[in-house]
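# Coordinate inspection notes
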Amino acid sequence: VLRLGRLVDDLFQLSLSDAGALTYRKTELDLAEVLTETMAGYRSEFMSKGISLDCDLPGKDPVGVFGDPERLHQLFSNLFDNALKYTDAGGNLYITLQQNDNSVAIDFQDSAPGVPPSELKQLFERFYRVESSRNRKTGGAGLGLAICRNIVEAHGGRITAQSSPQGGVWIRIALTLSGSQA
């Protein structure tokens, strides 16, 4: 019932996005704070599955972006959910947040099993699932990363996937810093 409810919610959100009716309540926020708060809610799940959760975030200085904190929390939650579903026990998720002159890059790199390189570009398409994930009992509907792409693009950013040096998938999100940080 929970999975079906989530599927209906995801489809509804994508429909609203297609119609241009999905609302965003953007404000100045600290992206590192949103990421840290989201991550805190997942630590125990990663521990119980035996997946180490490591991160390299900036110090005290805020990472200012103009964004919707609720949607950015949803973005990060979808990425944490994917890492939990598709990273083998004993694996690792490594998250970094790096500021450049006027942009910020957030990287989620997980360990095996990963995705074949030929399928990486399709990860953000609706209903796309890597063939091996269909056999996993936790496999989703193939909407989470499509929603992530919509959220990132609504914030004027880009999201990409490539093979991770750890043997899994490396998801990179690039966003523009707000005027106060640029």
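Here the structure is shown first, and the text comes after it.
Criteria and cut-off values
Residues numbered from 1 in each chain as written. Predicted model: local features only at pLDDT ≥ 70, side-chain atom pairs only at ≥ 80, totals over all residues. Heavy atoms only, no water. Helix = DSSP H or I, 4+ residues; strand = E, 2+ residues; numbered from the N terminus. Core = buried A, V, L, I, M, F, W, Y, C linked by side-chain atoms within 4.5 Å. Buried < 20%, exposed > 50% of the residue type's maximum accessible area, 1.4 Å probe, protein only. Contact = heavy atoms within 4.5 Å. Expected span 1.5 Å × (residues − 1). Polar contact = N/O pair within 3.5 Å; in protein donor to acceptor, adjacent residues only side chain to side chain. Axes fitted to C-alpha atoms, helices over the stretch in contact; angles between N-to-C directions. Parallel < 35°, antiparallel > 145°, perpendicular 65-115°, else oblique. Left-handed = near helix turned anticlockwise from the far one by under 90°. Pairing = 2+ DSSP bridges. Phe/Tyr/Trp six-rings, centres within 6.5 Å; stacked < 30°, edge-to-face > 60°.

## Comments concerning unusual backbone geometry
- In this structure, proline 113 follows alanine 112 across a cis peptide bond, with omega equal to 20°.
- In this structure, proline 113 sits in the loop between strand 5 (103-111) and helix 5 (144-154).

## A look at the nonpolar core
- Grouped together as the largest cluster of nonpolar side chains are 41 residues, with contacts concentrated most on Leu31, Phe76, Phe80, Ile106 and Phe108.
- Residue contributions to this core peak at 7 residues, all from helix 4 (residues 69-86).
- In this view, isoleucine 106 contacts Leu31, Leu35, Phe76, Ile95, Thr96, Leu97, Ile171, Arg172, Ile173 and Leu175; residues no more than four positions away in its chain are not counted.

## Quick word on helix 4
- For helix 4, spanning 18 residues, the distance from its first C-alpha to its last is 26 Å, which sits close to the expected 26 Å at 1.5 Å a residue.
- The complete set of buried residues in helix 4 reads Arg71, Leu72, Gln74, Leu75, Phe76, Ser77, Asn78, Leu79, Phe80, Asp81, Ala83 and Leu84.
- Sitting at the head of helix 4, aspartate 68 places a side-chain oxygen 2.9 Å from the backbone nitrogen of glutamate 70.

## A few points about the packing of helix 2 (residues 31-40) against helix 4
- Between helix 2 and helix 4, whose axes approach to 9 Å, the crossing angle comes to 50°. Put simply, helix 2 runs oblique to helix 4. The way helix 2 lies across helix 4 gives a crossing that is right-handed. Here helix 2 contributes Leu31, Val34, Leu35, Thr38 and Met39 to the contact with helix 4, which in turn contributes Pro69, Leu72, His73, Phe76, Ser77 and Phe80.

## Side note on the pairing of strand 4 (residues 92-99)
- One ladder, built from 5 bridges, connects strand 2 (residues 52-56) with strand 4; its direction is parallel. From the neighbouring strand, leucine 53 faces strand 4, where its bridge partner is leucine 93.
- Relative to strand 5, strand 4 is paired through 7 bridges, and the arrangement is antiparallel. Bridge pairing in strand 5 links glutamine 99 to valine 104.
- Taking the residues that link successive antiparallel strands as the turn, the strand 4-strand 5 hairpin has 3 residues.

## Concerning the packing of aromatic side chains
- Taken as a whole, this structure holds 4 aromatic pairs when the rule is applied.
- Centroid distance tyrosine 42 to phenylalanine 80: 5.1 Å. Interplanar angle 25°. Geometry classified as stacked. With a gap of 38 residues between them, tyrosine 42 in the loop between helix 2 and helix 3 (43-49) and phenylalanine 80 in helix 4 connect regions that are remote in the sequence.
- Of the residues examined, tyrosine 42 reaches a relative accessible area of 10% and is grouped as buried.

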